[in-house]
Amino acid sequence: MSPATPEHRQVVRYAFYKLEPAWRRLPAERQAAAKTELGETIERYHGRLLLRPYGLVGIRGDCDFLLWQVAEDLDALVELQTALNRTDLGAYLTIPYSYLAMTRRSIYEFPAEAPRDQRLVIRPSAAKYLFVYPFIKTRAWYSLPKAERQRMMDEHVRVGRKYPTIRLNTTYSYGLDDQEFVVAFEGDNPAQFLDLVMELRESEASSYTLRDTPTLTCVQMSLWDLLDTLGGASATRSVAPATRGDGFTPVCDAADLPPGTSKRVYAAAEAVALFNVGGTIHAIANRCTHARASLSEGTVDAAKCVVVCPWHEGVFSLETGQVLAGPPTAAVQTYRVKIEGDTILIAEAREPTVASAPRS
Ligand code: FES
């Protein structure tokens, strides 16, 4: 059973959080500060862990959001949760569901699939939805000859291939957590996922399923949008600087935005993406009009003066906010920009939206 070469595996946690309603009765200033603290705490762990936020508000009653956590060791998961527990908002969060798992190679052969080593590394896609459930097979399944199980798995895979837009992440929990697997499907169309699951119910392997609930439908969104779904005051209010009489808001030091970089800032409680393209500062609304990805995390093509959305590759002009390619259909708001001394200021746009910054 043990592999000839050691596998480098990742640990995966699907942690579902629920906010106590009492939090929404706290003063607005405390709510705003608590959201900012929680958001910044999570952002500090980007890089140490792969962290994907998903919202469930409006979809489930028993949980509000998911943090999909992928790490190289269990210590990182402990450190992250410890840091969250120390926050003000963390005192009002419960964890109705938490599923721990690990990547590993399948014991079954799927020759037409991606190289086996790819299953050892979680690479989330840009899909809008994630469908997660814990999974346990009956003990009778394990008594079947391996060839018999392989035959049933082949049927399973054949059905899955009829739905190529649905992508499966299977991770293993044997001995680590209550379930045997955690199954997470990614896709942009819940109707296709529903049809896939209905069809899989008729497969022979399905009769060997002991448990596959709860099934949790999650919507991918930026961390700051997710915090907004929780209700209460916006996370941005406590940190957004005041707008001046001329309509301009100071948002950051020019030195914090050197050429070739981007940055998310706030003005009048709106998230705004700043880009320094060859010494010229551009400002557009941070939320993609397609599915609200954070455009400050997109890729800039300096030659075309555009940003490519990190989720579905929508392309926006940094000069006009217009959509130039991809799924979005509505332009993003642009902002006027000016530099005073070392400070970048922005205001709602009525004219061209660029300013030259000192080159560093
Ligand atoms: S969120 Fe889909 S293109 Fe930006």
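Use the structure listed above.
From a predicted model like this one, the values you see are computed outputs, not experimental measurements.

Cut-offs and rules
- Residues numbered from 1 in each chain as written.
- Predicted model: local features only at pLDDT ≥ 70, side-chain atom pairs only at ≥ 80, totals over all residues.
- Heavy atoms only, no water.
- Pairing = 2+ DSSP bridges.
- Helix = DSSP H or I, 4+ residues; strand = E, 2+ residues; numbered from the N terminus.
- Axes fitted to C-alpha atoms, helices over the stretch in contact; angles between N-to-C directions.
- Buried < 20%, exposed > 50% of the residue type's maximum accessible area, 1.4 Å probe, protein only.
- Phe/Tyr/Trp six-rings, centres within 6.5 Å; stacked < 30°, edge-to-face > 60°.
- Lys NZ or Arg CZ within 6 Å of the ring centre and 35° of its normal.

(A) Main features of the sheet that holds strand 19 (residues 343–348). Ordered by their spatial adjacency, 3 strands build an open sheet running 10-19-18, and the pairing between neighbours is antiparallel. The open sheet has two edge strands, strand 10 (249–253) and strand 18 (335–340), and neither has a second partner. The sheet shows a mean angle of 30 degrees between the axes of neighbouring strands, taken without regard to direction. The pairing of strand 10 with strand 19 spans 4 bridges and is classified as antiparallel. Note that in strand 19 the partner of Thr 249 across the bridge is Ile 346.

(B) Representation of unusual backbone geometry. Note that the residue after Thr 213, namely Pro 214, is joined by a cis bond; omega there is 0 degrees. Not every positive phi belongs to a glycine, and Cys 305 is a case in point at roughly 55 degrees. Positionally, Cys 305 belongs in the loop between strand 14 (299–301) and strand 15 (306–308). Within the chain, Glu 313 stands out as a residue other than glycine whose phi angle is a positive 65 degrees. Residue position: Glu 313 is located in the loop between strand 15 and strand 16 (315–317). Assessed through its relative accessible area of 59%, Glu 313 is described here as exposed.

(C) Representation of the packing of aromatic side chains in the model. A full pass over the atoms with the stated rule returns 16 aromatic pairs. When the centroid spacing of 6.3 Å and the interplanar angle of 85 degrees are considered together, the rings of Phe 16 and Tyr 97 count as edge-to-face. Of the two residues, Phe 16 sits in strand 1 (residues 11–19) while Tyr 97 sits in strand 4 (residues 93–102), which places them 81 residues apart along the sequence. Like Tyr 97, Phe 16 is buried. Of the aromatic side chains, those joined through ring pairs into one cluster are Tyr 129, Phe 131, Tyr 133, Phe 135, Tyr 142, Tyr 172, Tyr 174, Phe 181, Phe 185 and Phe 193. Over the face of the ring belonging to Tyr 172 we find Arg 104, whose NZ or CZ atom lies 5.6 Å from the ring centre. Over the ring of Trp 141 we find Lys 137; its NZ or CZ atom is 4.0 Å from the centre of that ring.

So yeah, pure geometry; function would need other evidence.
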